[in-house]
Amino acid sequence: MHGRVKIKSTAQQEEEKRKEKEKKLKAFVSARDAVLKKRSAGEHDEEALQLTRQLLSSNPDFATLWNYRREVLLHLETLREKDEVQKLYESELHFIEACLKVNPKSYGCWHHRTWVNTRLPQPDWTRELGLCDRCLSLDERNFHCWDYRRVVVKASGVSVEQELQFTDRLIGSNFSNYSSWHYRSTLLPQLHPQPAPDSAPNTSPSPTTSPQFHSHRVCEEQLLKEYELSHNAFFTDPNDQSAWFYYRWLLGRAEREEMISCVYVSREGERVSVAFSKPVHAQSEGLMLVLDGQPQQVEWRSTHPRLRHSPVWLCDLPPGSISDMSNEHNLTIHWTEKHTHRDCALYTGCAESWCRDSATNLELFRSELSVEKSSVLQAELQSCNQLLELEPQNKWCLLTIILLMRALDPLGHEKETLAHFQTLKEVDPMRSTYYSDLCSKFLIENTILKMEYAEVRVFSLSNKNLTTLCHLDQLLFVTHINLSSNQLLRLPPHFAMLQCLEVLEADDNAIENLEGLYHLPKLEEVSLRNNQICKLSDLESLASCTKLTRLDLRGNPVHRTAHIESELSQLLPRVTALSL
Amino acid sequence: MTATLFSPNTLLLDKHADYIAAYGSKKDDYEYTLSEYLRMSGIYWGLTVMDLMGQLSRMNREEIIEFIKSCQHDCGGISASTGHDPHLLYTLRLAILYTELIILCGTFLPVLYISIQVDPFHTLFGVAGLSLLGDEQIKPVNPVFCMPEDVLQRIGLQPDLLN
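These numbers come from a predicted model, not from an experiment.

A. Representation of the overall build of chain B. Scanning chain B for helices and strands turns up seven helices and two strands. Element order for chain B, N to C, with α for helix and β for strand: α-α-α-α-α-α-β-β-α. Classification of the 163 residues of chain B by burial places 40% in the buried group. In chain B, the share of contacts with a sequence separation of at least 24, taken over all contacts with a separation of at least 6, comes to 58%. Looking at chain B as shown, the accessible area adds up to about 9,400 Å², and 61% of this sits on carbon and sulfur atoms.

B. A look at the environment of S106 of chain A. Residue and element names in this part refer to chain A. Mapping S106 onto the fold places it in the loop between α4 (82-102) and α5 (107-119). Remark: the alpha-carbon pair of S106 and P60, spanning 46 residues in sequence, is separated by 6.8 Å. Only 3.0 Å separates the side chain of S106 from the side chain of D61, close enough to count as a polar contact.

C. Quick peek at helix α9 (residues 178-191) of chain A. Residues and elements named next belong to chain A. In a regular helix each residue adds 1.5 Å, so 14 residues correspond to 20 Å; α9 covers 20 Å between its end C-alpha atoms and thus fits that length. Along α9, the residues classified as buried are S179, S180, W181, Y183, R184, S185, L187, L188 and P189. Against α7 (143-156), α8 (160-173), α10 (220-236) and α11 (241-251) lie the buried residues of α9.

D. The packing of α7 of chain A against α8 of chain A, seen in detail. Residues and elements named next belong to chain A. Contact geometry for α7 and α8: axes closest at 13 Å, N-to-C directions at 150 degrees. Accordingly, the angle class assigned to the pair α7 and α8 is roughly antiparallel. Along the contact surface, α7 presents W146, R149 and V153, while α8 presents E163, F166 and L170. A class-by-class count of the residues in the contact of α7 with α8 yields four nonpolar, no polar and two charged.

E. Representation of the interface of chain A and chain B in the model. Chain A puts 26 residues into the contact, and the matching count from chain B is 25 residues. For the pairing of chain A and chain B, the buried interface totals around 2,400 Å² over both sides, and the portion due to carbon and sulfur atoms is 54%. Counting the surface chain A buries against chain B, the share from its top three residues, L25, Y107 and R308 of chain A, is 22%. Our count for the contact surface shared by chain A and chain B stands at three salt bridges. Between E31 of chain B and K21 of chain A there is a salt bridge, and its shortest N-O distance comes to 3.0 Å. Joining chain A to chain B, the criterion identifies six residue pairs in polar contact (both at pLDDT 80 or more). Breaking the side of chain A that touches chain B down by element, the ones donating at least two residues are α1 (11-40), α3 (63-77), α5 and α15 (432-454) of chain A. If one sorts the elements of the side of chain A that touches chain B by residue count, α1 of chain A sits on top with eight residues. Partitioning the side of chain A that touches chain B into residue classes produces seven nonpolar, eight polar and eleven charged.

F. How the structure looks around the sheet that holds strand β5 (residues 301-302) of chain A. Pairing is antiparallel across the open sheet formed by five strands, whose spatial order is β5-β6-β2-β1-β9 (chain A). If you trace the sheet from one side to the other, it starts and ends with β5 and β9 (352-356) of chain A, each paired once.

G. Representation of the packing of aromatic side chains within the structure. Residue and element names in this part refer to chain A. Tallying each qualifying case throughout the model produces 21 aromatic pairs over all chains. Between Y89 and W115 the ring centres are 5.8 Å apart and the planes differ by 75 degrees, which places this aromatic pair in the edge-to-face class. A residue pair is termed long-range when its members are at least 10 positions apart, and Y89 in helix α4 and W115 in helix α5 qualify at 26 residues. Accessibility classification places Y89 together with W115 in one group, the buried group. For the ring pair F421 and F442, a centre distance of 6.0 Å and an interplane angle of 50 degrees mean the geometry is tilted. In this pair, F421 is assigned in helix α14 (residues 414-427) and F442 in helix α15, connecting sequence segments 21 residues apart. Of the residues examined, F421 reaches a relative accessible area of 1% and is grouped as buried. Classification of F442 as buried rests on a relative accessible area of 9%.

Each value, and the rule that gives it
Counting from 1, residues in each chain are numbered in the order their sequence is written. Chain labels run from A onward and ligand labels from 1 onward, assigned in the order the entries are written. Residue-level local features of this predicted model are given only where pLDDT is at least 70; pairs of side-chain atoms are given and counted only at 80 or more, and the full residue set underlies all totals for whole chains, interfaces and linings. Water and hydrogen atoms play no part in the side-chain values, which are based on all heavy atoms of the structure. Here a helix means four or more residues in a row that DSSP labels H or I, a strand means two or more in a row labelled E, and each is numbered from the N terminus. Think of it in three bands: with a 1.4 Å probe and only protein chains considered, a residue is buried below 20% of the maximum accessible area for its type, exposed above 50%, and partly exposed in between. For this analysis, residues touch if any pair of their heavy atoms sits within 4.5 Å. For accessible areas, the Shrake-Rupley method is used with a probe of radius 1.4 Å. Any residue's cover is judged against the shown protein chains and nothing else. N or O atoms within 3.5 Å of each other form a polar contact, as long as, within protein, one can give a hydrogen and the other can take it, and as long as residues adjacent in sequence are counted only when both atoms are side-chain atoms. Given the number of residues in a helix, its expected span is that number minus one, multiplied by 1.5 Å. Geometry is summarised by axes, namely lines fitted to C-alpha atoms with helices restricted to the contacting stretch, and by angles between N-to-C directions that run from 0 to 180 degrees. These descriptions rest on fixed angle ranges, namely under 35 degrees for roughly parallel, over 145 for roughly antiparallel, 65 to 115 for roughly perpendicular, and the rest for oblique. Charged means Asp, Glu, Lys or Arg here, nonpolar means Ala, Val, Leu, Ile, Met, Phe, Trp, Tyr, Cys or Pro, and polar covers whatever is left, Gly included. Note: buried area is the sum, over both parts, of the accessible area (probe 1.4 Å) each one loses when the two are combined. Salt bridge, as used here, is a side-chain nitrogen of Lys or Arg placed within 4 Å of a carboxyl oxygen of Asp or Glu. A pair of strands counts as paired when DSSP detects no fewer than two bridges linking them. Side-chain rings of Phe, Tyr and Trp (the six-membered ring for Trp) are treated as a pair once their centres are within 6.5 Å; stacked means planes under 30 degrees apart, edge-to-face means over 60, and tilted covers the remaining angles.

Below you can see the structure in the form of structure tokens.
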């Protein structure tokens, strides 16, 4: 067994133990064989209950026996009166409790107890709640018990307010109670919800259906109280993670409203690209495309075959419908499932058009702060900085400072944020990849914001230790992207969402996978010097980028492949400027 | 567990391999019999570790295959042991073994049996199982670590053969 020191015993003690075990084993095996035999014979009697009880009492994880027991009980139900059934299942609950004492974390026991309560003519939810209290007092983090408690609360109609008070008690007696904080995060949005936002732009008001939008966020008044509660907790014990994690959740953003974030139209490609606020499966969303007042029959396709659920979808318009530059067109995409739509106008003389909300307006990366909330967070930032002086190695404090800075002013605090991430990686090296990825994400967010403020379509993030790519659905309209001198390993399928991309620079990375360079209709120039492209097959997807003419692959292992130049000219006949 | 003067600081690979190779033969062992309800997991653990140590050939292939076949149910689920009920957990174990180690004779039903347990633990196993059985919508999963391949690639973690 784990964690037990091996105690040497005398030869006699060993022999006695051996005989004892042999006896037990014999009893177990004969009972087990008898049970399995009875079950194959389809016997559902008292003896079956007796045998399974005997076995489960010492071995409550023998799941098959609980299954059999349920079969027997269901059969006996048909033979008994209601009050006898009540007694039958009440005695079952006693039995389960005894088994739980043997193993309080037995999946079989808890599952069986849940089932018994569905069969009991009169369940006693007070008793069940009491059982949960007792189990949690023995082990505050027994997740089986927490899950069971949630079942009981739901079935018995215990109020959210009462449950919130329950967490108050638990947290009040012991701040280090991750499960209680977590439970609290599920209760608060129900009791003190953030009021629903004003009608989203382009939402057609519908009198018959009201979009049930639940942001899972908490109203500001309560939020400020929660900030204080967690502040007290993590300043009492700065090394306990529970309250820091809870605080992180408090700082988090609301769930995004479901909407169409961007519509892009290209005359030359006669193609429409649509970006949604979350990954969808276009064929199931009731999408309707209306061109100049006429609904169009179109087929929606994802940007990459691996992305069956994607935030970006494409469709082709009937040939000739928008190709004439002298015509103006009005396009509307209706997302009927969510009762929302977006318009896009394609003007005379314009080869392309798009319509989107900015990341700032959408509160994509951070929420708008009220004056009160802002000053509270500002004060918290100060406190955490003071704590950091006392405990410079405290990773929770460092991470929270970063999150506070992002909530208050992501661009203004960029330099400090990078410095703190560096410290974090030194202080917590086992999670350095996680921090690198998180830092990459924040840098990408900042670059998107800067790009919007500058109103350009160039995304440049070179020499920033990027280890991963994200928010690629926000880069639908980008024409130039520079990711050189980073630590990227691949251009994943999601990269195919960059439908407007013309030039890609990604030199000096460690890229070996180019899956995402797939059917990018405008891609003309690719530079991938000093990467890890090893085989011809790594470059296959480029063949689908029909406008690609310039390709720089210098400094990649692939140049050692036999006949690589002729192979490449066969694979990519349209590439006229190839550098190896 | 605290290390003491007498704790080894290297892996005693030969002894570990001996223990595992002999483990299955202890049919009259009390703990062995009582742990029957998770035998399929035990086989998965034993085989995976023996493979990592390069000692897979010491395991009794025929006996194990016969045992696994006896645990297949018509619904596509796999049970922990002969005569036990199928369960998601053991079905995943088998999916992992199938991919990595054993070529089964006879038919293998690549159907994911759905269990009634709704929690993150079992959800992970369900999704990992689907990935190993080739579901295209799900990322490739490494059977040794039960983690997505791209995550392992990024952190530079590959299972090493111990010798």
